[in-house]
Each structure stands twice: as structure tokens, then as C-alpha cells.
2 protein chains.
Amino acid sequence: MIYDLLIIGAGPAGLIASIYASRYKLNNLVLGKTLGGELALASKVENYPGIISLSGLALAEQIAKQVFLLGGKILYREVVQLLKSPEGFLAVVSPTEKYQGKVVIVATGSERRRLNIPGEKELIGKGVSYCTTCDAPFYKGKRVAVIGGADAAVTGAIHTAEFASLVYLIYRGQQLRAEPIWLEEIEKLIKADKIKVIYQTNLKEILSQAQVAKLKAETDSKASAQLVGGVKLDNPYEGSEILPLDGVFIEIGGVPGTSLVQPLGVVLDERGYVKVNEQMETNISGLFCAGDMVDKTVMKQAITAMASGAIAAASAYKHLKGQIAPPIRGI
Amino acid sequence: MIYDLLIIGAGPAGLIASIYASRYKLNNLVLGKTLGGELALASKVENYPGIISLSGLALAEQIAKQVFLLGGKILYREVVQLLKSPEGFLAVVSPTEKYQGKVVIVATGSERRRLNIPGEKELIGKGVSYCTTCDAPFYKGKRVAVIGGADAAVTGAIHTAEFASLVYLIYRGQQLRAEPIWLEEIEKLIKADKIKVIYQTNLKEILSQAQVAKLKAETDSKASAQLVGGVKLDNPYEGSEILPLDGVFIEIGGVPGTSLVQPLGVVLDERGYVKVNEQMETNISGLFCAGDMVDKTVMKQAITAMASGAIAAASAYKHLKGQIAPPIRGI
């Protein structure tokens, strides 16, 4: 079958695109790796209008329920390739699983930025994580580092300090750049010796337990080469360039997730975001983008991503029907 | 006292601006005529992400609660004048009630468009209404007309048909322009003789009961000159240019509510919307606009208004602190 509209990405932008598309009576399918995108990583959301306090995942689940109630479908699949086809677009999940749509909205958000240092890739999931909200609870009573100095790192350190015995916040800059409400919070935890901030310092390498033991010339038969044991700093802390740790959280932001649309020849801006006009149209006819991956989303918030998803759905309708989507209004 | 930020308008854009401003630790005050703006007029909202179904007013109340919890204040006052002052801006409610702010976000939405025909102004609140959602329940068992043919008029007619014995939908165009989901719904009500659509017809005048009686050369001692009795059409319906009615709902859209900002020299676009850049900055330093009144809001939806309100708050922060607002993230 051919859908009117394929939506790739099940984060805030994609889900809202489905809600609006269903209201426009467009036969639509959401394909996403996981539910909720970045929103699902927030363990507590208190600035989403209308919801006093809820986890990001619970909010995403609530929205997914709404998608179903309005007639939309969500399949948790990773689209590995997006192709132009005579009918419109073809989303390839595997050689045997493909979905066709007349038009497509891509809302694949952003991918976590990596440090690209030795040991990082090798130890992912073995002490290296890009999501404090997801993995902090595994470090109860342990010593961990959070890398970064902006909001994600600061809130990540605060969250991790609920579990870890000590959190090092390692930042290359001189001053944390976080929301004032979080700066107040971290100040308290620094005073309580739960968090230590190491400024003007970069990681040179992430080390396994075995590497740390070797560098310290210790003999530890239980030291694993498969688990994080510490990091090497470019600015020695308390006299040592080796900081022994049980986990490293890398929270240095994201890069736009444009790998699916780039092969189609979509124009990006100089920072790597997809160029769209105010209707969320890309330079490719029938291909719309929304959410954190587009240059028009000046604030990376659920609410702004959703707004762009709603607009993209209206534009998809216009493209399919040849007329402006009617305003949606409650009754 | 001088607030960091005054927010004028207590609709979705203004309320969210307060939520974000409070998270940025800006001392902020919301001044609005009533709570919820256009959102409050929707008796049922089913496309707001995260809320399956709720009245617009209940949703606005929920958001107002959040404003309070985060430290924001709302005062239900009509600002009649906005002035530049040495401290920033002065919002005048009355000669004795004025509020000062270093910067201001104006989010005064839109005002209902009028027909500007004889009898309209005289009979407002006496059978002439601009809000089916507010006033339809008063017309139980009566005959009313809804004027317009876009979504507001169509949903308004559907809603009014729940109460009225017969609803005329009077439209100057040839084809209704509403969301497909509503067109299906109205079709059923037309078949059930609850709604009659009169196409290609304009109202020439709104008449009182006394005027209708006189024009029909009837003697009716109870006919009031203070209540709607009918309308005069430019395209006679069933042979008569007079259509007797008990109420007239005018649902022909809105015009941007720019009366407060125009005297400050704010630049408008050719349609009357305030020109803002992507940061919601107007041409006046320290004055930001958001929501339905700005040219950047391509879709008049709560979610898009909210997104622009959040962005305006971040821009207000930047203006006050001389630095980019940190990204807000849940924890």
C-alpha cells in the first residue's frame, strides 16, 4: 500500500505531524527507532505547557496514545535509507521491509555529539554513556564523570549525583553555561561535596580498568579491559593526569540527524541543519523536515519541535491536495 | 517596582512566555484581559499534544497553575496603553494603575473580525455574538445563523446545532473551506435538517425584532427593538430577503490585535501582522511579540503560539542579560 504521508522519527515533531495529518484525514504512518526522541531522555519535564510534571517518556507515551486514537500508526523501525520512487518516497527498513508514501516528513532530530577520543567508541555501553537520564541509576555509590558545561551536562551531573557517590563535571570552559535554575541547584551539590567541577580541562582518552591499573603500575587481577576504569586529562587534576572512574557520561550536545536526507540532495546550512522555509519545505518537492534537525527551530525544545511538526503536516496536506490546509480548531 | 519582564496577553503565547521566563529566573508579570485567549473559546481540544481531550479553558487553567507554581504572576487587567519609559516600558491599565518592565512581550492575539453592517454593533450581546462556543447554549430551541464558511464557522455551526432547533450557515463563497473531519460532520447535520447552508449570500443588515415585524407589516406588541429578530440578505432565500432569526454568530476570522503596539511605531506587514525576526524581536528594542499577532506564526494554533512565546522569553533573557539564554532541559 501507499501511504499519503510517511513520517520518519517518533519524537515530538513526528508525533505531532501524525496528529495533525490524521485530523486532515491523511493516511499516515510514523516510523521511528524509539518513542519520544530527546524528550524521552528527560526524567522530569516541568515546562511543558499543560502538564505540571511528568517524565519525558510518560509524556511521549501519552502523545503516542493520542496518535493511535486519531487513527495514526507508529512502527518502531529504523529507516536505513530513504529513496525517491515513482509514487513519491520509499523508506527502507531492510531489504524485505519497505514503506511507500506520496510525501514524507523527516523529523529525525539530532544525534549525540561524540568526543572522538581513544577508548570512547570501544567502551560505549561499558561505562561510556551519552544519556545520564537513561544510565545514571546504574552508578549507585560509584564515581563518575559528566563531560560538558552546558545545560545537558549540568542537569546530567545533578541527576547523576542522586545515585553516584561523587560526580566530576569536566568542562573545557571557564564558566558553566546552564539555565539559572540549574546553576543554583548545582551550587548546593558542590557545597555538599557531591559534585566537583573541573574547569578548563579536556579528556585525552577514556581508559579501561586494565589500562588504569597498568598506568598506575598496580597489579589488580580483577581489572577488566572491557570496563571503564578512568580517564586521561590534558590538565592534571590534583597532580594526576589519570582520574580513576567507573563511568563517563558525555553530554556535549547533538548534531542534526540528517544522514537519511543528505543522499537525496537536501540543502543544509553551514552548521549542518536542513534548510527549510516557514512551511517546513525542503528543496526537494514532497519532502518536509521538522524538529531539531531544521534550521528554523531556533530553540531545541519539545514545544518548538511540535510546532514545526504541525506546520509540516499542513504543508504535506497542501502538497497532496493542492489547497491550503484548513485551520484546525477545537469545537 | 520594576519587573524584568512584562507580558501582555494571557493566551497560550503569553502564558508560555511566563513559564520560560520563570525558568530563566526573570521576575515577570502577565497582564491579560481574560485567561486563555482564543484557546479558551474551544469547548473541546483534541489535538493538543499530551492532552487527549479537554476544554480549551480547562487547558488554559492548567497552564495558568503552572505559571504560578514556577513563580510567575497573572493579573486579569486590560492594558489600555503601552508607553516607552526611562526604565523600559510602562503598561497603563488606568490612570492610577500602571506597571513597569525593563522589557515587554506583547501577545495580544487577534480580535474578531466584524461584518461592519448596520445593526451589528447595536445588537452585540443582544443576539449578535462572535463566539459560538461561548454563547451557543443560550439558543436552545431557537433559530440562529452562523456567518462564514471557514473552519471557525463550520465548527461553530456544528456546535450550535447541538442547542438550536435550526442553524443557517450563511456564506458568501461557493464551497465551505473547513478541515475534512468537520466537513464530514456537517454533512450529516445537513442531511438531518439541523443545518442549512446558504451559499453566495452576504448579510446586508442585522435587524431587531421590531424592525422585522415592521418590514413584514406584522403587529407584534412583544417585538423588541433591543433583540435580534432577523437579517436582511443580499441574495433572497426562499423568496425573501428577510430571514427571521433569534441570534447571529459572526465567525469570519480575526485580525491581529496590534492596537497597543502600533503607537510605538512597530512595523507591520501588509496584512497587519507585526513583523518579527526568528527571535520574535520587533523593530523596537526590548519589545518582543509572539502568538497570533506576528507574521511568523504561519499556523494559528495553540502549539505554534506557545513555541513563539517560548522563543520570545529566551530573547527577552538575552536582551536583559546580554547573553544567549541557556537551553532548557528536563532533568
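Residues numbered from 1 in each chain as written. Chains lettered and ligands numbered in written order. Predicted model: local features only at pLDDT ≥ 70, side-chain atom pairs only at ≥ 80, totals over all residues. Heavy atoms only, no water.

### Overview of the overall build of chain A
The helix and strand tally for chain A stands at 7 helices and 17 strands. Expected size for 331 residues packed as a compact globule is a radius of gyration near 20 Å; at 22 Å, chain A falls within 12% of this value. In terms of principal-axis extent, the alpha carbons of chain A reach across some 70 × 45 × 35 Å. Here chain A, with 331 residues, has 57% of them falling under the buried criterion. Of the roughly 13,900 Å² of accessible surface on chain A, a fraction of 50% belongs to carbon and sulfur atoms. Taking the average place of the 36 positive charges on the side chains of chain A and the average place of its 32 negative ones, the gap between the two points comes to 5 Å. (Helix = DSSP H or I, 4+ residues; strand = E, 2+ residues; numbered from the N terminus. Rg over C-alpha atoms; globule rule 2.2 N^0.38 Å. Buried < 20%, exposed > 50% of the residue type's maximum accessible area, 1.4 Å probe, protein only. Areas by Shrake-Rupley, 256 points an atom, 1.4 Å probe, with all protein chains shown as cover. Lys, Arg positive; Asp, Glu negative; His and termini not counted. Charge placed at Lys NZ, Arg CZ, Asp CG, Glu CD.)

### Topic: unusual backbone geometry
Phi at A:Asn116 is positive, roughly 55 degrees, even though this residue is not glycine. Residue placement: A:Asn116 occurs in the loop between β7 (110-112) and β8 (128-129). The exposure class of A:Asn116 is exposed, given its relative accessible area of 65%. Non-glycine residue B:Asp193 carries a positive phi angle of around 60 degrees. Secondary-structure assignment places B:Asp193 in the loop between α5 (180-191) and β11 (195-198).

### Some details on the packing of helix α4 (residues 151-160) of chain A against helix α5 (residues 180-191) of chain A
All names here are of chain A. Look at α4 against α5: their axes get within 10 Å of each other, and the N-to-C directions meet at 40 degrees. When the axes of α4 and α5 are compared, the pair comes out oblique. Considering only the axes of α4 and α5, their crossing is left-handed. Taken together, the residues of α5 that come into contact with α4 (itself represented by Asp-151, Val-154, Thr-155, Ala-157 and Ile-158) are Trp-182, Glu-185, Ile-186 and Leu-189. Residue composition of the contact of α4 with α5, grouped by class: 6 nonpolar, 1 polar and 2 charged. (Axes fitted to C-alpha atoms, helices over the stretch in contact; angles between N-to-C directions. Parallel < 35°, antiparallel > 145°, perpendicular 65-115°, else oblique. Left-handed = near helix turned anticlockwise from the far one by under 90°. Contact = heavy atoms within 4.5 Å. Nonpolar A, V, L, I, M, F, W, Y, C, P; charged D, E, K, R; others polar.)

### Remarks on helix α2 (residues 56-69) of chain A
Because an α-helix completes one turn every 3.6 residues, residues spaced three or four positions apart along the sequence face the same direction. All names here are of chain A. Here α2 spans 20 Å end to end across 14 residues, near enough to the 20 Å set by a 1.5 Å rise per residue. Among all positions in α2, only Gly-56, Leu-59, Ala-60, Ile-63, Ala-64, Gln-66 and Val-67 are buried. Along the long axis of α2, the arc covered by the buried residues comes to 155 degrees, so they all point the same way. Considering only its buried residues, α2 is in contact with α1 (12-23), β3 (73-76) and α7 (302-321). In the segment just after α2, Gly-71 is the residue with positive phi, at about 105 degrees. (Expected span 1.5 Å × (residues − 1). Arc of directions from axis to C-beta.)

### Notes on the relation of the copies chain A and chain B
The two copies are related by a screw operation: chain A maps onto chain B through 180 degrees of rotation and 0.0 Å of translation along the axis, at an RMSD of 0.1 Å. Expressed as a symmetry operation, the mapping of one chain copy onto the other fits a two-fold axis. Most of the interface of chain A is mirrored in chain B: 100% of its interface residues are interface residues there too. (Least-squares fit on C-alpha atoms with pLDDT ≥ 70 in both.)

### A closer look at empty space enclosed by the protein
With the rule as written, the count across this model stands at 1 cavity of 30 Å³ or more. Looking at the largest cavity, its volume works out to about 310 Å³. Lining the largest cavity are 18 residues, and of these A:Lys296, A:Ile311, B:Met280, B:Lys296 and B:Ile311 lie nearest its centre. For the lining of the largest cavity, the secondary structure elements donating two or more residues are α7 of chain A together with α7 (302-321) of chain B. (1 Å grid on protein atoms, 1.4 Å probe; cavity = no way out; pocket = protein on both sides within 12 Å on 5 of 7 lines; lining within 4 Å. Points joined across faces, edges and corners; volume = space filled by probe spheres on them.)

### A look at the sheet that holds β11(B)
Backbone-to-backbone hydrogen bonds join strands into a sheet, with any given pair of strands oriented parallel or antiparallel. All names here are of chain B. Strand order in the open sheet made by the 5 strands is β8-β15-β9-β10-β11, with parallel pairing throughout. With one partner strand each, in any of the chains shown, β8 (128-129) and β11 form the two edges of the open sheet. Running over the sheet, helix α4 (residues 151-160) touches β9 (143-147), β10 (166-170), β11 and β15 (247-250) and is turned about 165 degrees from β9. (Pairing = 2+ DSSP bridges.)

### Digging into the pattern of salt bridges
Under the definition given, this model contains 20 salt bridges over all chains. Put simply, B:Lys188 and B:Glu185 hold a salt bridge, and the shortest N to O gap is 3.7 Å. Residue B:Lys188 and its partner B:Glu185 are both found in helix α5; the two are separated by 3 residues, about one turn of the helix. Salt bridges sharing partners connect three or more residues here, namely A:Glu38, A:Arg112 and A:Glu251. (Salt bridge = Lys/Arg side-chain N within 4 Å of Asp/Glu carboxyl O.)

### Description of the packing of aromatic side chains
Scanning the model with the defined rule gives 7 aromatic pairs over all chains in all. Consider the rings of A:Tyr48 and B:Tyr48, whose centres lie 6.0 Å apart with planes at 40 degrees: the pair is tilted. Here A:Tyr48, found in the loop between β2 (28-32) and α2, pairs with B:Tyr48, found in the loop between β2 (28-32) and α2 (56-69), and the two come from separate chains. For the pair A:Tyr48 and B:Tyr48, a shared accessibility class is recorded, and that class is buried. Arranged with centres 5.7 Å apart and planes meeting at 80 degrees, the rings of A:Tyr168 and A:Tyr237 form a pair that is edge-to-face. With A:Tyr168 in strand β10 (residues 166-170) and A:Tyr237 in strand β13 (residues 228-237), this pair connects stretches of sequence that are 69 residues apart. Just as A:Tyr168 is buried, A:Tyr237 falls in that class too. The ring of A:Phe89 carries A:Lys84 above its face, with NZ or CZ at 4.6 Å from the centroid. (Phe/Tyr/Trp six-rings, centres within 6.5 Å; stacked < 30°, edge-to-face > 60°. Lys NZ or Arg CZ within 6 Å of the ring centre and 35° of its normal.)

### As for the domain arrangement of chain A
All names here are of chain A. Along its sequence, chain A is carved into domain 1 (2-112 + 254-320) and domain 2 (128-250). Listed by partner, the interface residues are 4 residues for domain 1 and 5 residues for domain 2. Counting the surface lost from both domain 1 and domain 2, the interface buries some 360 Å², and carbon and sulfur atoms represent 62% of this. If you sort the residues of domain 1 by the area they bury against domain 2, Leu-41, Ser-43 and Arg-112 come out on top, with a joint share of 99%. Applying the counting rule to domain 1 against domain 2 returns 0 salt bridges. Viewed at the interface, domain 2 and domain 1 are joined by 1 residue pair in polar contact (both at pLDDT 80 or more). Of the residues assigned to the side of domain 1 that touches domain 2, the class counts are 2 nonpolar, 1 polar and 1 charged. (Domains from an automatic or database assignment. Buried area = accessible area lost by both parts, 1.4 Å probe. Polar contact = N/O pair within 3.5 Å; in protein donor to acceptor, adjacent residues only side chain to side chain.)

### Overview of the side chain of B:Glu251
Position of B:Glu251 relative to the elements: it lies in the loop between β15 and β16 (254-256). In this structure the side chain of B:Glu251 is engaged in a polar contact, spanning 3.0 Å, whose partner is the side chain of B:Arg112.

### Some details on the pairing of strand β4 (residues 81-85) of chain A
Residues and elements named next belong to chain A. Relative to strand β5 (residues 88-94), β4 runs antiparallel, the two sharing 5 bridges. Within the sheet, the bridge partner assigned to Ser-85 lies in β5 and is Gly-88. Connecting β4 to the antiparallel partner β5 that follows it, the hairpin turn spans 2 residues.

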